[in-house]
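# An overview of the molecular structure
Single-letter residue listing:
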Amino acid sequence: MRPSLRDATRGRILFGGDYNPEQWPEKTWHEDVRLMRDAGVNSVTLGVFSWSRLEPEPGAREFGWLDRLMDLMHEGGIGVVLATPTSAPPPWLGRLHPDTLPRTEDGRTEWWGGRQHFSHSSATYRRHAAAITEDLAARYGGHPALTMWHINNEYCTADHGDEAAAAFRRWLRARYGTLDALNTAWGTAFWSQGYDTWDGILPPRTPHYLKNPTQVLDFRRFTSDMLLECCVAERDIVVRHTPHIPVTTNFMPLFFGQDGWRWAEEEDVVSVDLYPDPRDPLGPQHGALVQDLTRSQARGPWMLMEQAAGPVNWRGVNHPKPRGLNRLWSLQAVARGADAVCYFQWRQSRQGAEKFHSGMVGHAGERGRSFQEVKRIGADLAALAGAVTDTRIRADVAILHDWHAWWAGAQEGRPSARVDHAAVLHAWHRALWEAHLTTDFAHPEHDLGGYRLVVVPQLYAMTDAAIDNLVAHVRAGGTLVTGFLTGVADEDDRIRPGGMDPRLRDLFGIRVLHEWWPLETGESADCDGFRGTLWSEELEADEDAVETVYRGGELDGLPAVLHRDRAWYLSTLPEPDALRALLARIAGEAGARPVLDGLPDRVEAVRRGDLLFLLNHEREPVTVAVPGTHTDLLTGDRITDRVTLGRYAVVVLRG
Amino acid sequence: MRPSLRDATRGRILFGGDYNPEQWPEKTWHEDVRLMRDAGVNSVTLGVFSWSRLEPEPGAREFGWLDRLMDLMHEGGIGVVLATPTSAPPPWLGRLHPDTLPRTEDGRTEWWGGRQHFSHSSATYRRHAAAITEDLAARYGGHPALTMWHINNEYCTADHGDEAAAAFRRWLRARYGTLDALNTAWGTAFWSQGYDTWDGILPPRTPHYLKNPTQVLDFRRFTSDMLLECCVAERDIVVRHTPHIPVTTNFMPLFFGQDGWRWAEEEDVVSVDLYPDPRDPLGPQHGALVQDLTRSQARGPWMLMEQAAGPVNWRGVNHPKPRGLNRLWSLQAVARGADAVCYFQWRQSRQGAEKFHSGMVGHAGERGRSFQEVKRIGADLAALAGAVTDTRIRADVAILHDWHAWWAGAQEGRPSARVDHAAVLHAWHRALWEAHLTTDFAHPEHDLGGYRLVVVPQLYAMTDAAIDNLVAHVRAGGTLVTGFLTGVADEDDRIRPGGMDPRLRDLFGIRVLHEWWPLETGESADCDGFRGTLWSEELEADEDAVETVYRGGELDGLPAVLHRDRAWYLSTLPEPDALRALLARIAGEAGARPVLDGLPDRVEAVRRGDLLFLLNHEREPVTVAVPGTHTDLLTGDRITDRVTLGRYAVVVLRG
Amino acid sequence: MRPSLRDATRGRILFGGDYNPEQWPEKTWHEDVRLMRDAGVNSVTLGVFSWSRLEPEPGAREFGWLDRLMDLMHEGGIGVVLATPTSAPPPWLGRLHPDTLPRTEDGRTEWWGGRQHFSHSSATYRRHAAAITEDLAARYGGHPALTMWHINNEYCTADHGDEAAAAFRRWLRARYGTLDALNTAWGTAFWSQGYDTWDGILPPRTPHYLKNPTQVLDFRRFTSDMLLECCVAERDIVVRHTPHIPVTTNFMPLFFGQDGWRWAEEEDVVSVDLYPDPRDPLGPQHGALVQDLTRSQARGPWMLMEQAAGPVNWRGVNHPKPRGLNRLWSLQAVARGADAVCYFQWRQSRQGAEKFHSGMVGHAGERGRSFQEVKRIGADLAALAGAVTDTRIRADVAILHDWHAWWAGAQEGRPSARVDHAAVLHAWHRALWEAHLTTDFAHPEHDLGGYRLVVVPQLYAMTDAAIDNLVAHVRAGGTLVTGFLTGVADEDDRIRPGGMDPRLRDLFGIRVLHEWWPLETGESADCDGFRGTLWSEELEADEDAVETVYRGGELDGLPAVLHRDRAWYLSTLPEPDALRALLARIAGEAGARPVLDGLPDRVEAVRRGDLLFLLNHEREPVTVAVPGTHTDLLTGDRITDRVTLGRYAVVVLRG
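What counts and how
Residues numbered from 1 in each chain as written. Chains lettered and ligands numbered in written order. Predicted model: local features only at pLDDT ≥ 70, side-chain atom pairs only at ≥ 80, totals over all residues. Heavy atoms only, no water. Helix = DSSP H or I, 4+ residues; strand = E, 2+ residues; numbered from the N terminus. Rg over C-alpha atoms; globule rule 2.2 N^0.38 Å. Buried < 20%, exposed > 50% of the residue type's maximum accessible area, 1.4 Å probe, protein only. Contact = heavy atoms within 4.5 Å. Areas by Shrake-Rupley, 256 points an atom, 1.4 Å probe, with all protein chains shown as cover. Least-squares fit on C-alpha atoms with pLDDT ≥ 70 in both. UniProt positions renumbered as here; feature names shortened; annotations may be inferred. Pairing = 2+ DSSP bridges. Right-handed = clockwise from strand over helix to strand, strands pointing away. Axes fitted to C-alpha atoms, helices over the stretch in contact; angles between N-to-C directions. Parallel < 35°, antiparallel > 145°, perpendicular 65-115°, else oblique. Nonpolar A, V, L, I, M, F, W, Y, C, P; charged D, E, K, R; others polar. Expected span 1.5 Å × (residues − 1). Polar contact = N/O pair within 3.5 Å; in protein donor to acceptor, adjacent residues only side chain to side chain. Buried area = accessible area lost by both parts, 1.4 Å probe. Salt bridge = Lys/Arg side-chain N within 4 Å of Asp/Glu carboxyl O. Phe/Tyr/Trp six-rings, centres within 6.5 Å; stacked < 30°, edge-to-face > 60°. 1 Å grid on protein atoms, 1.4 Å probe; cavity = no way out; pocket = protein on both sides within 12 Å on 5 of 7 lines; lining within 4 Å. Points joined across faces, edges and corners; volume = space filled by probe spheres on them. Domains from an automatic or database assignment. pLDDT = per-residue confidence, 0-100.

## Regarding the overall build of chain A
Within chain A, the secondary structure is distributed over 18 helices and 26 strands. For a compact globule of 655 residues, the expected C-alpha radius of gyration is about 26 Å, and chain A comes in at 26 Å, within 12% of that figure. Along the first, second and third principal axes, the C-alpha set of chain A runs to 75 × 75 × 45 Å. Counting over 655 residues, chain A shows a buried share of 69%. Long-range pairs, those at least 24 residues apart, make up 72% of the contacts in chain A with a sequence separation of at least 6. Summed over its atoms, the accessible surface of chain A is roughly 20,600 Å², and 48% of this surface lies on carbon and sulfur atoms.

And the structure:
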């Protein structure tokens, strides 16, 4: 039995952030501890970018500074999430071992001077990463400040170079066994791509025209697997030293490059970095989506490893967080299952590539608004911890998501480059979120038994098992709503007979899928009662299955929405309000209820354990009907029947 | 005397498409033959992408599967256009011989994994291509199914690598003889580019700032010539085996990379691939332009080698063909001279890079609308074949086009990057097409004797012979209309004296060309009676030559259109309606008449042999006055004085 | 004591241009002299692109043609600015010595075939450049036509290759002395970038994610320094031969790649190339800015080395100059301190990369409008020369500019990619120019004693000395107006305490800089009395320092403009009219007066020596009140109290 987040939280909500003290004189460290305590910080992440400090030249070890820091944290009552520093190799690694540097698909080297410039396939890199990890684990495995291990940081770097090519071949050999099987899976009979030896296979490098899409798909799988292999190798080292300490690596939100379901299986703690744009009106919904996904990956409480106290520095225009937004979004994470609310980074850098990324202590220091708000959040989290930690959230609705389907669909040479898997996922989640329906995410092959309603925004490629799982869900009395471009391909990106799997077509009453009619930017397809966007289809369907038809244009009178028993098919993407109304209606019929009736727009409500979180995402005050008498855990106020939330306000009600 | 398309058609219109049966089990081949016969298919193109199947490892030969297919086709009464497979080398070629891979101008390799990744200059590539071609020709030269050879596919790949550099030097040596002549032609006295040895000359590789334009121009000529050399080498092999079988290679429509006039001279059958965007209102005009050009290259009937039964997969948004459009555009090709109407590809792929490119049999199979429409087209072509095959189209109007002028003009560092040769060509052709004037294309040095009206949308660079040819045309009583940026440079891209050749200036009455005034996006130049776009000029002209002047702005009162005797010069691009009206008027004065008087807009009319084709490009029905009594060959209906065409309808009238 | 521009002008205004006679037969040279004399040309620049002509193969020397040209010029009374030809190495240099070719940051080679394809760090390049320079100087140092040396041309080429890497390390060693100092300055403690050996340091090459900004900053410094080293090496050679002949190299206008202050110190004559877009309504203001900057670099008269008689060829759409504009802008340069008005190039090329860049003699030749206008300008300059040459311009206002601040700020990963240093500089200069205030430019550490008003549009990074200099200016009774993002970083791009230097915050009354609020495109920040653009700030300030506040939005009521004593701080960029009004008011209070009261908009007025230049930048005539009686030097007309200027007209008044 592996340890879990619970072993780190022990009744508290972890609060703190990445701490990169290498940037500061030791004098500042003591000042930092004072401010951390002032703000209620109980956890910091050390060592993420410390490789060149720990191993300033090959084989050297400089642990003294870290010893002092670990002790200092412990004395301050602050736990340490200790990171392996392997995401940012020191300059000497690339200099002495150019084979550790990754190559892009057009053959360019990614040089040191930034970060994450390592090849997952490099034996040399792995050897050096293992050595420093081993020594870190040996030295700090027994330190009382240690609460968690953090492996690497935001794994993401692909490699198209020669050592990666060799690894790709090994990976393919393991997947396919024989060249014949690979040639069949990749469809190399087309365009004369048949491989006669394994040695002929390369990562997808820039071709003259269009790559083999299954090669691209497998390369994405390979990249995710190789990065995970790196992660697991380091994890196994630290686990050997400290079997009782949970291990995590931080995901990026809805990140394309990792198979999130597969990775989550290897994590003791699922953690994520989350940076909604403060200027984006749908920022909180994006946050909710990522939180729902992360919670579903964790199958319980999860860790917000990184967020920003203010602006980030990697957008074109980087907006600060208005007063109250940091607190609102922090509490949203708790509402949706987080037992840890952390930041990148504790103290804002004065130098280097991220000095314009905000910190909990910004350039303005202690007097800055940013730090003052952080203090308040620390107090709020302390007030909630007892009632919240380790409690669960229950959802009647599951949204299916699968990275392999995303990878298979996101290619060149497809019907419409306007179809973006992540955007479609957001659109569907938004409809449910605005309808105040709590949602989990699930893998298409997961057991769906606990859900009244399963929605499939888009699963372009599906395994047979996944298709059978959907059919079984409906047969077992569950409701299913599916968007277009679902079940089109199998796991090798081979188009299923008829352009959509026959089992699914039968389920929805589709006889013939004649043509896809993707829509241009600004174009819409009129349907009875709403307007469709992005996509439309020329379908021949069973009469009784037709719920809504297209009106006007080439598709006039043809089915737009199909509905047979508890199975629904949407051949277009309804505009937001229409999709919300439709899904709310279907959910209602399926017995999935909103968190609370009569909720105003833009007030988010979540039940976690026996608590009801209400969050006002507007600047205008809003009044919410909450029948009965409750206590607001944040203020201690007694609330009866109704509560008014001010700008960006949150109440956490019990009773 | 070489064979021609007539030797393949033998009274039929060829109907069919690329057939890539390597993708399917043999069981499907038999199903394919059944469906082909059902649809009236009488021709398929085999082997285009078969190299790795025919030669799965270096030197191997696997012909058995192709033997069976050739026999199967023959038994089914379906002729075979057999392709050399050399456009898509197998992975082993690149693996064992990296010298066969092309390089981009910034030094990147184009790897296998796509298609067309061969260097035209690679001796190794040529040797392997010749060997497989030789063996194919030896084996199938005598097969009764064989009707035509198809060399390679859509030749297009440039190469900037070292072997190409050596070939470029050889090519230049042949063109110029001496370094002095090259230095003079390239103007290397400017920017210190004088070459002291042939070895110093490279393909135009990415420089710090602006390339030598004549080097770029010659490199384009070289690339076209080298690709043609590859093509001719393979052609000569198959001709040696089968002198009686015509040979083709398929052009892309108005393709920048090949000198279409030069290439056409080497073809027994001129064939083209044509994919107008079904969503483009000017799609049919684009089709007409390409068909007119291809017919002019062929000097008679030509072959539509590839079109799509539905959507393609290489646009951002790929639209299907609405009901009837495939038929309309297929018959348009016949109207404009095609004796062969074929598709890429017979059966839509389920795997690989083109699986979203439609097929005659789509993913929806036999029941799909797409296949049902294909069947109807097969029947229509059969009905027309006897009356149509091998008949000619006569035009009073010639549009001059020259790839060398295009190549010379499409460079960096010129007056306006908004001037696109192909777009200007389209604008002029559109005006004539909308005026229902039938047009040929001609090379500027062709005999223009048969044309009442010659139009020159834009010939930035012209040889002396071409200029003399224009002048002679006018002197001989012909009419000439010329657009701006014509006769500006000679064949070395050397600006002619005065910024435009004096012979042309004399012809139009231009005394001094003071300045070009290119127009910004959205900007126009008001002229008496119309608005000019894209370009305007500050001209000093003979009083009597001034037809229209600019109004307002810096050019107020200066000449916009010049007209002296039968020579016209347009210093701007009139808006579409104005250009149409002007050209229609000039054509009328020159004695060039529309196909039919009183034709509605968007009804296209073409006379081929003794037939009159009428095509309705709108969805709304339209009535056309056709005085007299006729028979519609498609329906057998008798038509008297007027005929109503429904949505996308076609009638083919005789009598 | 070095010679100066005065030694070349000798009472004349230099008039002429780059002359590249290698392009023409010798017959044309004689025609050129005739036309030059006709136009009043008294100076040409020879040899800029002559390397391959002078040294057609390694070590050869062909001087005969240049001998003849020098003699011909001298006989024609035309002085020669003789260029070292080192900006465009001949093809043989790259062929024999690939180490002379520069590399881009992603490893691509910049090949010959264009120009400026040399590595500043290449010992081989430098050796060859020195040799040809030595021989040129030896041969022509004593030629009577020689009036000035021109080194290279528009130095600009960076290099990221291996020899440049070695040079970068040497440069860094000289700057920092120890690796520790470098690691500290670059902040390598962040992201594990600590260097353990000098050998590990590279130019900033494409990384996986974000470069080290101080590495980028130092690489920009290094590039500027290395190019200057190349320049100085050649200068020292010619100076050794001709200590009495002034030397220049031509700058590009407000060019990012050279530290203009540092370079100007090495020039005897400061010269610049200036190409405002004739279509840009702010073209003349851009011209004025560059002229003010160049004059300030020169600390006196300067040379307009290149302008265009008509269109250039490197914009997307290249507009010609309307009638009169060439003259207007030429006289503007004289008004703002130029004693030399020259062009690229004398005779427009007929071949090569710049054949669409206009010449003084265009393709239309002698009869062309362009040449006719050139003749008039020649006459005007001759009329002005006596009264103008070597006179000075006095300004009460200084604008501070520093390339290092620009380099430090123009990086990835900053608050807003919309903030463009050059655009901000233009906006502030525009406000002052439109207010008819004459401005100098100054380096932030220059003596500011002579200026009543100092404006700082934006100095993101500043040294301590620069900050102290500003504070001292205010303490000494001067007025200071500063824009946002000033004093944020030190010279290592290290954020100063509090996000802005405390000395500056004290000066303006800023207590806490809480957040930057950059604005999106199209977004503005309402302030009392005007609208701010681009940027806004959340400031906590001393009550008494608040001049204007924001209205509405998150910043409602917070300070927008601060004003304490004579120090002003603008936390946003007011819209143009508002900035003009504010600066005019502050200037007035500081005792800085417009050139003339009551000037209409778009009439530019400059006092040079005892002359008053009035320039009408509109096509509509305008009347200007000029109290008293004056003589117009251009016409000899007597002007009393008022003068009317026609389209693009200029008067030069004395008395």
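## Things to note about the relation of the copies chain C and chain A
For the pair chain C and chain A, the superposition axis carries a translation of 0.0 Å, the fit reaches an RMSD of 0.0 Å, and the rotation angle comes to 120°. The symmetry that links the two subunits is that of a three-fold axis. If distances are taken from each C-alpha of chain C to the rotation axis, the shortest is found for R108 of chain C, at 5.2 Å.

## As for the UniProt feature "domain: Beta-galactosidase trimerisation" (unreviewed entry) in chain A
Feature annotation in UniProt places "domain: Beta-galactosidase trimerisation" (unreviewed entry) on residues 395-591 of chain A, given in this structure's numbering. Secondary structure content for residues 395-591 of chain A is 28% helix and 27% strand, while the C-alpha to C-alpha distance between its ends is 12 Å.

## Comments concerning the pairing of strand 8 (residues 302-306) of chain C
All names here are of chain C. In terms of burial, strand 8 is a largely internal element, five of the five residues being buried. In this structure, strand 7 (residues 271-273) lies alongside strand 8, joined through three bridges in parallel fashion. Looking at the pairing, V272 lines up with L304 of strand 8. In the classification by handedness, the crossover that spans strand 7, the intervening helix 11 (residues 283-298) and the parallel strand 8 is right-handed.

## Topic: the packing of helix 7 (residues 162-176) of chain B against helix 8 (residues 179-186) of chain B
Residue and element names in this part refer to chain B. Running from amino to carboxyl end, helix 7 crosses helix 8 at an angle of 95°, the nearest separation of the two axes being 9 Å. It follows from the interaxial angle that helix 7 and helix 8 lie roughly perpendicular. Contacts from F168, L172 and Y176 in helix 7 reach A181, L182, A185 and W186 in helix 8. Partitioned by chemical class, the residues of the contact of helix 7 with helix 8 number seven nonpolar, no polar and no charged.

## Examining the UniProt feature "domain: Glycoside hydrolase family 42 N-terminal" (unreviewed entry) in chain A
As annotated by UniProt and renumbered to match this structure, "domain: Glycoside hydrolase family 42 N-terminal" (unreviewed entry) occupies residues 18-383 of chain A. Its end C-alpha atoms 23 Å apart, residues 18-383 of chain A is made of 42% helix and 9% strand.

## Description of the sheet that holds strand 20 (residues 567-570) of chain C
All names here are of chain C. Spatially, the seven strands line up as an open sheet ordered 11-10-12-13-20-19-18, and their pairing is mixed. The sheet is open, and its two edges are formed by strand 11 (439-442) and strand 18 (546-549), each paired on a single side. With direction set aside, neighbouring strand axes in the sheet form an average angle of 20°. Summarising the sheet, strand 10 (residues 397-400) and strand 12 (residues 453-456) pair through three bridges and their orientation is parallel. Counted as the bridge partner of I399 is V455 from strand 12. Its contacts with the sheet place helix 15 (residues 421-434) against strand 10, strand 11, strand 12, strand 13 (479-483) and strand 20, and it is angled at close to 175° to strand 10.

## A look at the sheet that holds strand 20 (residues 567-570) of chain B
Residues and elements named next belong to chain B. Strand order in the open sheet formed by seven strands is 11-10-12-13-20-19-18, with mixed pairing between adjacent strands. Each of the sheet's edge strands pairs with one partner strand only, and the pair in question is strand 11 (439-442) and strand 18 (546-549). The average undirected angle you get between the axes of adjacent strands in this sheet is 20°. By the bridge criterion, three bridges tie strand 18 to strand 19 (residues 559-564) in an arrangement that is antiparallel. For V549, the partnering residue across the bridge sits in strand 19 and is P559.

## Here we look at helix 9 (residues 213-241) of chain C
All names here are of chain C. Here helix 9 is 29 residues long and its end C-alpha atoms lie 43 Å apart, about the 42 Å a rise of 1.5 Å per residue gives. Counting buried residues along helix 9, 22 of its 29 residues qualify, which places the element largely inside the surrounding structure. The N-capping residue of helix 9, defined by a side-chain oxygen 2.8 Å from the backbone nitrogen of T214, is N212.

## Digging into the interface of chain C and chain A
Taken together, the contacts link 56 residues of chain C with 60 residues of chain A. Interface area for chain C against chain A, summed over the two sides, is near 4,700 Å², with a carbon-plus-sulfur share of 54%. Between the two partners, chain C and chain A, sit seven salt bridges. E554 of chain C is the salt-bridge partner of R647 of chain A, the closest N and O atoms lying 2.7 Å from each other. Here chain C is connected to chain A by 28 residue pairs in polar contact (both at pLDDT 80 or more). Of all the secondary structure elements, the ones that give two or more residues to the side of chain C that touches chain A are helix 8 (179-186), helix 9, strand 14 (510-516) and strand 17 (537-541) of chain C. Top element by residues in the side of chain C that touches chain A is strand 14 of chain C. It accounts for six residues. Each residue belonging to the side of chain C that touches chain A can be placed in one class, and the counts come to 22 nonpolar, 17 polar and 17 charged.

## A word on the packing of aromatic side chains
In the structure shown here, the tally under the stated rule is 90 aromatic pairs over all chains. Geometrically, the ring pair formed by F190 of chain B and F49 of chain C is edge-to-face, given 5.7 Å between the ring centres and 70° between the ring planes. Here F49 of chain C lies in the loop between strand 2 (43-46) and helix 3 (51-54) and F190 of chain B lies in the loop between helix 8 and helix 9 (213-241), a pairing that spans two chains. Neither F190 of chain B nor F49 of chain C differs from the other in exposure class; each is buried. Judged by centre distance (6.5 Å) and plane angle (55°), the ring pair of W51 of chain C and Y125 of chain C falls under tilted.

## Some details on the layout of surface pockets
Residue and element names in this part refer to chain B. By volume, the second largest pocket amounts to about 880 Å³. Around the second largest pocket, the lining is made up of 48 residues, and of these W261, R262, A264, E265 and Q297 lie nearest the centre. Elements with a contribution of two residues or more to the lining of the second largest pocket: helix 1 (5-9), helix 7, helix 9, helix 10 (260-265), helix 11 (283-298) and helix 14 (403-409). Here the lining of the second largest pocket gets five residues from one element, more than from any other, and that element is helix 9. Classifying every residue of the lining of the second largest pocket by side-chain character gives 19 nonpolar, eleven polar and 18 charged. The residue makeup of the lining of the second largest pocket includes at least three contributed by each of domain 1 (272-389) and domain 2 (397-590).

## Details of the interface of chain A and chain B
The figure often quoted for interface size is the accessible area lost as the parts come together. Between chain A and chain B, the contact holds 56 residues from the first and 60 residues from the second. For the pairing of chain A and chain B, the buried interface totals around 4,800 Å² over both sides, and the portion due to carbon and sulfur atoms is 54%. A per-residue breakdown of the area chain A buries against chain B is headed by F190, W191 and H208 of chain A, which together make up 16% of the total. Run the count over chain A and chain B and you get seven salt bridges.

## Things to note about the confidence of the model for chain A
The predicted model of chain A averages 98 in pLDDT, with 100% of residues at 70 or higher. Interface scoring of the predicted complex returns ipTM 0.97; its pTM is 0.97.

## A few points about the pattern of salt bridges
Taken as a whole, this structure holds 176 salt bridges over all chains when the rule is applied. One salt bridge in this structure joins D268 of chain A and R2 of chain A, with 2.4 Å as the shortest N-O distance. Taken together, the residues D268 of chain A in the loop between helix 10 (260-265) and strand 7 (271-273) and R2 of chain A in the segment before helix 1 (5-9) connect sequence positions 266 residues apart. Judged by its relative accessible area of 15%, D268 of chain A falls in the buried class. In this structure R2 of chain A comes out as partly exposed when scored by relative accessible area, which is 32%. Two residues, R115 of chain B and E154 of chain B, come together in a salt bridge whose shortest N-O distance is 3.2 Å. Taken as a pair, R115 of chain B in the loop between helix 5 (91-96) and helix 6 (123-140) and E154 of chain B in the loop between strand 4 (146-150) and helix 7 lie far apart in primary sequence, 39 residues in all. Of the two residues, R115 of chain B and E154 of chain B, both sit in the buried class.

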